[in-house]
Structure formats: C-alpha cells, structure tokens
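Coordinate inspection notes
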Amino acid sequence: MISIAIDGPAGAGKSSLARAAARELGFCYVDTGALYRTIALHLLRQQVDVEQCADWDAVLKDLKVSIGFVDGTQHVYLNGEDVSELIRTPEVSMMASASSAKPPVRAFLLEMQRQLSREQNVLMDGRDIGTVVLPDATVKIFLTASPQVRAKRRYQELIEKGQQVSYEDVYNDLIQRDYQDSHREIAPLKPAEDSAIVDTSDLSLEDSLALLLKTIRERMDRA
Ligand code: DC
C-alpha cells in the first residue's frame, strides 16, 4: 500500500488541499484531526476536565469513534451518531488541541489510523502522521503557512459557515493551538526529518494544490 502523510499546523489549508490531492491521486483521504475532534466533543458533552482527569480508562471505556465514507467524503461517528458537522466549532478545536496532548487519547486512536493505512492507499493528514503514526509513509509532507495567513483563512472559513467570530479571537486561538500542539511531550507537531516542506503563505489555493501534487509526485517517483 502507498501512504502519504501530510502534517502541519492548524489553518495551513491541510484539509482542503489534502482532500483535493487525494481525489486527484485516487487515494482515500483520512482527516485524523476529525478523530481527535470527535473525542473532544465527547469530553465536552461529558464535562470532563482534561487537566484533572485521573481515570482515562473510565472516560474512554464506552466511547466508540468510527469513520465512514459517504460519496467519497469522510464522516465521523461518535457512538454511532454522525458528528461530522458538530465537531467544527472553535470550542471543539480548543478541546481537541488540549485533549490530544494526553497519552491515553493518542493511544486510543493510534491503531485505528494505522489499520486504515493497511486497508487502502491513503493520504492522511494530521500533526504526527509522518513522525509517529506512519513513520514508513511513502511520502511525507509538512504543509505550513505564516500564522497571519492561516488565521485569515480560518476566519473566512468560519464566517462563511455563519459562525460569529472575530479575527483577533481566531488568531489568538490559532497561536495557542500552535503552541500546545508543538510543545506537548507526546507526538508534538514537527516536520519529520525526511519530509518535504510546502509553504503556502504566498500561494492561492489552486497554486498550493499544484505545488503539493508536484511535490508528492516527485517523491513517489523517487520512492
Ligand atoms: O487538524 P485539526 O485542526 O482538525 O485538529 C484538531 C486538533 O487535533 C489539533 O489542534 C491537534 C489534534 N491533532 C493531533 O494531535 N494529531 C493529529 N494527527 C491530528 C490532530
């Protein structure tokens, strides 16, 4: 099986670019952030204080996270409920970032992600795909952009969805998430040593996709 790992910070355009690249290459697109978000939604609903939690086994015991594809689009299920839309809020983003620093939460999802890569050719995006989840991935990409550009893109995305947010809040949340994601002890966000860095700060979505596909194809030819 061929696997393509795409890691990078929040708002680098990962999900839209990864989805489009996967479609172009005929690979199954797996958005691992959605899995962490699904757990985060569960934790919010259960009102779990992640910093104080002493019994993760109990919290995760009855939790079932699954993934399905509807017309080629990934949907995520929390104990059977389709929560694909509910996980796209700033509150869930922050909780996903905080809870994903906890080793039991990462362990809960690790095997599931690896299993997906054994079943089909995947293009998987996240924070630790090239470093931890699929260290032998065929191609590893680190997709990034400046914090200002990423915040602007995320802000526009949320506004288009009708959410009431300010640019300042989106920017501050993003900086906090960057810090949390890259400073946690377990599986921190960082480029894998053998990854290609793709910076989309000055590129349109179309040009970013072209650069991403070119980089992936070059690396696949070399593999
Ligand atoms: O990609 P995203 O914004 O949907 O991810 C939400 C959070 O989940 C992110 O802040 C960190 C965490 N995450 C992670 O720790 N590891 C991954 N492979 C994917 C996401």
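Worth saying up front: this structure is predicted, and the values here are computed from it rather than measured.

**Some thoughts on the packing of helix H4 (residues 90-99) against helix H8 (residues 167-183)**
It is at 9 Å that the axes of H4 and H8 come closest, and there the two elements cross at 20°. In terms of axis orientation, H4 runs roughly parallel to H8. For the pair H4 and H8, the crossing hand works out as left-handed. Every residue of H8 that contacts H4 at Pro90, Ser93, Met94, Ser97 and Ala98 is listed here: Asp173, Gln176, Arg177, Gln180 and Asp181.

**What about the nonpolar core?**
Membership of the largest hydrophobic core comes to 35 residues, with the highest contact counts inside it found for Val30, Ile39, Leu43, Trp56, Ile87, Met124 and Leu134. A total of seven residues in this core trace back to one element, the largest contributor, which is helix H2 (residues 32-45). If we skip the residues at most four places from it in the chain, isoleucine 87 touches Ala34, Arg37, Thr38, Leu41, Val76 and Val92. Counting residues in hydrophobic clusters, the runner-up holds 20 residues, among them Ile4, Leu123, Leu143 and Val198.

**So, helix H5 (residues 103-119)**
Taking 1.5 Å of rise per residue, the 17 residues of H5 would be expected to cover 24 Å, and the 25 Å separating its terminal C-alpha atoms lies within 8% of that figure. By the largest-angle criterion, leucine 109 marks the main kink of H5, which is about 25°. For H5, the full list of buried residues reads Val105, Arg106, Leu109, Gln113, Leu116 and Ser117.

**Examining the pairing of strand S6 (residues 122-126)**
Counting buried residues along S6, five of its five residues qualify, which places the element largely inside the surrounding structure. Both faces of S6 are covered, namely the face carrying Val122, Met124 and Gly126 and the face carrying Leu123 and Asp125. Inspection of the sheet shows strand S1 (residues 3-7) paired to S6 by five bridges, in the parallel sense. Among the inter-strand pairings, aspartate 7 is bridged to a residue of S6, identified as glycine 126. With four bridges connecting them, strand S2 (residues 28-31) and S6 associate as parallel partners. Across the sheet, the residue bridging to valine 30 is methionine 124, located in S6.

**Things to note about the packing of aromatic side chains**
Taken as a whole, this structure holds two aromatic pairs when the rule is applied. Centre to centre, the rings of tyrosine 155 and tyrosine 167 are 6.1 Å apart; their planes meet at 85°, and the pair counts as edge-to-face. Taken together, the residues tyrosine 155 in helix H7 (residues 147-160) and tyrosine 167 in helix H8 connect sequence positions 12 residues apart. The exposure class assigned to tyrosine 155 is partly exposed, which follows from its relative accessible area of 26%. On the basis of relative accessibility, which here comes to 28%, the residue tyrosine 167 falls in the partly exposed class. Here a set of aromatic residues connected by ring pairs shows up, and it is made of Tyr155, Tyr167 and Tyr171.

**Description of the site of the ligand**
Within the structure, the ligand sits among 16 residues, and Arg37, Arg106, Arg177, Asp181 and Arg184 are positioned closest to it. Interatomic distance of 3.3 Å between a side-chain N/O atom of serine 100 and an oxygen atom of the ligand. Measuring from an oxygen atom of the ligand, one finds a side-chain N or O atom of arginine 106 at 2.8 Å. If the ligand stood free it would expose 450 Å²; the protein chains cover 97% of that surface. Those elements giving two or more residues to the shell around the ligand turn out to be H2, H4 and H8.

**What about the environment of proline 90?**
By secondary structure assignment, the location of proline 90 is in helix H4. Look at proline 90 and you get partly exposed, because its relative accessible area is 25%. For the pair proline 90 and valine 165, spaced 75 residues apart in the sequence, the C-alpha separation amounts to 9.0 Å. Leaving out residues up to four positions away in the same chain, proline 90 has contacts with Leu158, Gln163, Val165 and Asp173.

**Quick look at the sheet that holds strand S5 (residues 81-82)**
A sheet is described by the order of its strands in space; here three strands give the open sequence S3-S4-S5, paired in antiparallel fashion. Of all the strands in the sheet, just strand S3 (65-70) and S5 have a single pairing partner and so form its edges. In terms of strand pairing, strand S4 (residues 73-78) meets S5 through two bridges, oriented antiparallel. The residue of S5 that forms the bridge with leucine 78 is glutamate 81.

Definitions and limits used
- Residues numbered from 1 in each chain as written.
- Predicted model: local features only at pLDDT ≥ 70, side-chain atom pairs only at ≥ 80, totals over all residues.
- Heavy atoms only, no water.
- Axes fitted to C-alpha atoms, helices over the stretch in contact; angles between N-to-C directions.
- Helix = DSSP H or I, 4+ residues; strand = E, 2+ residues; numbered from the N terminus.
- Parallel < 35°, antiparallel > 145°, perpendicular 65-115°, else oblique.
- Left-handed = near helix turned anticlockwise from the far one by under 90°.
- Contact = heavy atoms within 4.5 Å.
- Core = buried A, V, L, I, M, F, W, Y, C linked by side-chain atoms within 4.5 Å.
- Buried < 20%, exposed > 50% of the residue type's maximum accessible area, 1.4 Å probe, protein only.
- Expected span 1.5 Å × (residues − 1).
- Bend = angle between axes of the 7 residues up to and from the residue.
- Pairing = 2+ DSSP bridges.
- Phe/Tyr/Trp six-rings, centres within 6.5 Å; stacked < 30°, edge-to-face > 60°.
- Near = heavy atom within 4 Å.
- Polar contact = N/O pair within 3.5 Å; in protein donor to acceptor, adjacent residues only side chain to side chain.
- Areas by Shrake-Rupley, 256 points an atom, 1.4 Å probe, with all protein chains shown as cover.

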